[in-house]
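# A structural walkthrough
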Amino acid sequence: VIATKDGYLSLTTTGLGHREGWADVMAGLKYNLVRDVETQFLLSAGLTFEMDTGTHNVFQGRGDGEFHAFLTGGKELLPGVHWISGSGFRLPTDTVDRSQMWYWSNHLDKEIWNGIYGLVELHWFHWMKSGQVGPFGVEGNDIFNLGSPGVAGNDIVTLAVGGKYKPAPWLEIGSAFEFPLTKRRDLFDNRLTVDCIVRY
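Below: a short report on this structure. (Residues numbered from 1 in each chain as written. Predicted model: local features only at pLDDT ≥ 70, side-chain atom pairs only at ≥ 80, totals over all residues. Heavy atoms only, no water.)

Moving on to empty space enclosed by the protein. Empty space among the atoms becomes apparent when a probe as large as a water molecule is rolled across them. Summed over all chains, the structure comprises one cavity of 30 Å³ or more. In this model, the largest cavity occupies a volume close to 30 Å³. What lines the largest cavity is Lys5, Asp24, Glu50, Phe59, Gln60, Arg62, Arg98, Ile143 and Asn145. Its residues assigned to classes, the lining of the largest cavity comprises two nonpolar, two polar and five charged. (1 Å grid on protein atoms, 1.4 Å probe; cavity = no way out; pocket = protein on both sides within 12 Å on 5 of 7 lines; lining within 4 Å. Points joined across faces, edges and corners; volume = space filled by probe spheres on them. Nonpolar A, V, L, I, M, F, W, Y, C, P; charged D, E, K, R; others polar.)

See below:
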């Protein structure tokens, strides 16, 4: 059982000023299809549903929800070098209020020294079908689905660079800075992500 989106959003936008509010909640199921410890390979499939429970002020709570079907895989390529890749489709139940998107994300990390890892990520977002209600020609990548007309066929590619620290086998702390590589960026300028993973 997984919950892949929730929380509180604080946005500063050109023209709309500062906005705050709750994000939609996304939850569902994920199943390990392959777990091969000997070859250090994982393959999983999942399905989640985004409930439109968020605050309209931060572009959430629009439409009647959205399904997210995905595959993820992970492999140790060399000792201390790991590649994780995931691809999926965001399929709204209401294609007027939300756009359809296909994405492919890749993560590569390497242990540098004693639990300290460097990492790089490459993310591709492709809009398959436009909505009919949002601002013309722009979308919100993986956080916002504005349902904008005129986005079908658009692509955005972003790069993230950062690091992780594993002080114990059950704890990871990481951070990465992400920015667009393509001329098209829509609402995405840059993003700093900080995470903490506790395993039990």
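Picking up after the structure, the text goes on.
Moving on: the packing of aromatic side chains. Tallying each qualifying case throughout the model produces seven aromatic pairs. Where Phe49 meets Phe67, the ring centres are 4.8 Å apart and the plane angle is 55 degrees; that geometry is what we call tilted. Taken together, the residues span a long stretch of sequence, with Phe49 in strand 5 (residues 41–51) and Phe67 in strand 6 (residues 66–78) at a distance of 18 residues. Measuring from ring centre to ring centre gives 6.1 Å for Phe177 and Phe179, while their planes differ by 35 degrees; the resulting arrangement is tilted. (Phe/Tyr/Trp six-rings, centres within 6.5 Å; stacked < 30°, edge-to-face > 60°. Helix = DSSP H or I, 4+ residues; strand = E, 2+ residues; numbered from the N terminus.)

One ladder, built from six bridges, connects strand 2 (residues 8–13) with strand 3 (residues 17–22); its direction is antiparallel. Across the sheet, Tyr8 pairs through a bridge with Trp22, a residue of strand 3. Hairpin connection of strand 2 to strand 3: three residues between the antiparallel strands, including Gly15 at a positive phi of 95 degrees. (Pairing = 2+ DSSP bridges.)

Inspection of the secondary structure assignment puts Asp186 in the loop between strand 11 (171–180) and strand 12 (191–198). Here Arg184 takes part through its side chain, which lies 2.6 Å from a polar atom of the side chain of Asp186. In this structure Asp186 touches Gly137, Val138, Glu139 and Ile156, once residues within four positions along its chain are discounted. (Polar contact = N/O pair within 3.5 Å; in protein donor to acceptor, adjacent residues only side chain to side chain. Contact = heavy atoms within 4.5 Å.)

To continue, consider the pairing of strand 4 (residues 25–36). Taken together, the three bridges between strand 1 (residues 2–5) and strand 4 define a ladder with antiparallel strand orientation. Bridge pairing in strand 4 links Ile2 to Gly28. In terms of strand pairing, strand 4 meets strand 5 through eleven bridges, oriented antiparallel. Following the sheet pairing, Lys30 is matched in strand 5 by Gly46. The antiparallel pairing of strand 4 with strand 5 creates a hairpin that spans four residues between the two strands, and Gln40 there sits at a positive phi of about 55 degrees.

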